Amino acid sequence: KQEVTQIPAALSVPEGENLVLNCSFTDSAIYNLQWFRQDPGKGLTSLLLIQSSQREQTSGRLNASLDKSSGRSTLYIAASQPGDSATYLCAVCSGAGSYQLTFGKGTKLSVIP
Amino acid sequence: NAGVTQTPKFQVLKTGQSMTLQCAQDMNHNSMYWYRQDPGMGLRLIYYSASEGTTDKGEVPNGYNVSRLNKREFSLRLESAAPSQTSVYFCASSPQGAIYEQYFGPGTRLTVT
């Protein structure tokens, strides 16, 4: 059974700092990995999707990497802003035909002005 | 283009009552999913529909039924609600296939007393 772990559970940084969020998964037989953002009381917003054949994806100040063989992904956020404060969720896609997502419990990020 | 919509946004039920959560998407996606999110547990898949006319169980299907009414709509029914079903329910959709990301609705917050 696929298990996804995110470390740390919570992170507080001053504005402007670069930061890294970590995600690990137990079964390397994945199709892709997605990073989401969730604001309090809201739904999930997709940030980046990395296919299993890719090593990284970039969108603006965000960069996600994937090392499938070691079961790890990182989300790098450059020059953090207070508006980046949210919970960040990592999810891996596996399961032939169903493409089910297995989620980590998230990292709650607070960026202090 | 509304994306994924869910109704209702909030609901309070008494133990033993039934209700149906509605989900619709306007992106012409083949696959649709129902997840629940509980504190400390992360999001877990309840049921999914890989394509119109098919439904399958996810990780936590007990106590729920689903109907893929047409390509746009996927409903989740609680026949006899229990306090353990107090949760936030999210519907998601994606084009069929592992290369595509999932898009989430805003969620339904359900409390069973």
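Only a predicted model underlies this, so the values are computations on that prediction, with no experimental measurement involved.

Novice: Any details on the overall build of chain A? Residues and values, ideally.
Specialist: What chain A contains, in helices and strands, is zero helices and 11 strands. Counting from the amino terminus, helix and strand elements in chain A follow one another as β-β-β-β-β-β-β-β-β-β-β. Since a compact globule built from 113 residues should have a radius of gyration of about 13 Å, the 14 Å found for chain A is in line with a globular shape. The C-alpha extent of chain A, read off along each of the three principal axes, is 45 × 30 × 20 Å. For chain A, with 113 residues in total, the buried portion stands at 44%. Considering only residue pairs separated by 6 or more positions, chain A has 54% of its internal contacts joining residues 24 or more positions apart. Summed over its atoms, the accessible surface of chain A is roughly 5300 Å², and 48% of this surface lies on carbon and sulfur atoms.

Novice: Outline the sheet that holds strand β8 (residues 72-77) of chain A, supporting the account with residue identities and numerical values.
Specialist: All names here are of chain A. Read across the sheet, five strands follow the order β1-β3-β8-β7-β6 without closing on themselves; strand pairing throughout is antiparallel. Each end of this open sheet is capped by a strand with a single partner; those strands are β1 (4-7) and β6 (56-59). When strand polarity is set aside, the average angle formed by the axes of neighbouring strands in this sheet is 15°. Judged from the four bridges that link them, β6 and strand β7 (residues 62-67) form a sheet pairing that is antiparallel. Residue Thr-58 lies in a different strand from β7, and its bridge partner there is Asn-63.

Novice: Please give an account of the state of the cysteines that cites residues and values.
Specialist: In total, this model carries two disulfides over all chains according to the counting rule given. The disulfide partner of Cys-23 of chain A is Cys-90 of chain A, and the S-S distance across this bridge is 2.0 Å. Taking the torsion about the sulfur-sulfur bond, which here is approximately -60°, the covalent link between Cys-23 of chain A and Cys-90 of chain A counts as left-handed. Taken together, the residues Cys-23 of chain A in strand β3 (residues 19-25) and Cys-90 of chain A in strand β9 (residues 86-94) connect sequence positions 67 residues apart. On the accessibility criterion, Cys-23 of chain A (2% relative accessible area) is buried. A residue is classified by how much of its surface remains accessible, and Cys-90 of chain A, at 0% relative accessible area, is buried. One disulfide in the model links Cys-23 of chain B with Cys-91 of chain B; its S-S distance is 1.9 Å. Across the disulfide from Cys-23 of chain B to Cys-91 of chain B, rotation about the S-S bond amounts to roughly -70°, and the bridge is consequently left-handed. You can see Cys-23 of chain B sitting in strand β3 (residues 19-25) and its partner Cys-91 of chain B sitting in strand β9 (residues 87-94), a full 68 residues away along the chain. Neither Cys-23 of chain B nor Cys-91 of chain B differs from the other in exposure class; each is buried. Cys-93 of chain A takes part in no disulfide bond, and the closest cysteine sulfur, belonging to Cys-90 of chain A, lies 12 Å away.

Here is what the cut-offs are and how they apply
Residues numbered from 1 in each chain as written. Chains lettered and ligands numbered in written order. Predicted model: local features only at pLDDT ≥ 70, side-chain atom pairs only at ≥ 80, totals over all residues. Heavy atoms only, no water. Helix = DSSP H or I, 4+ residues; strand = E, 2+ residues; numbered from the N terminus. Rg over C-alpha atoms; globule rule 2.2 N^0.38 Å. Buried < 20%, exposed > 50% of the residue type's maximum accessible area, 1.4 Å probe, protein only. Contact = heavy atoms within 4.5 Å. Areas by Shrake-Rupley, 256 points an atom, 1.4 Å probe, with all protein chains shown as cover. Pairing = 2+ DSSP bridges. Axes fitted to C-alpha atoms, helices over the stretch in contact; angles between N-to-C directions. Disulfide = S-S within 2.5 Å.

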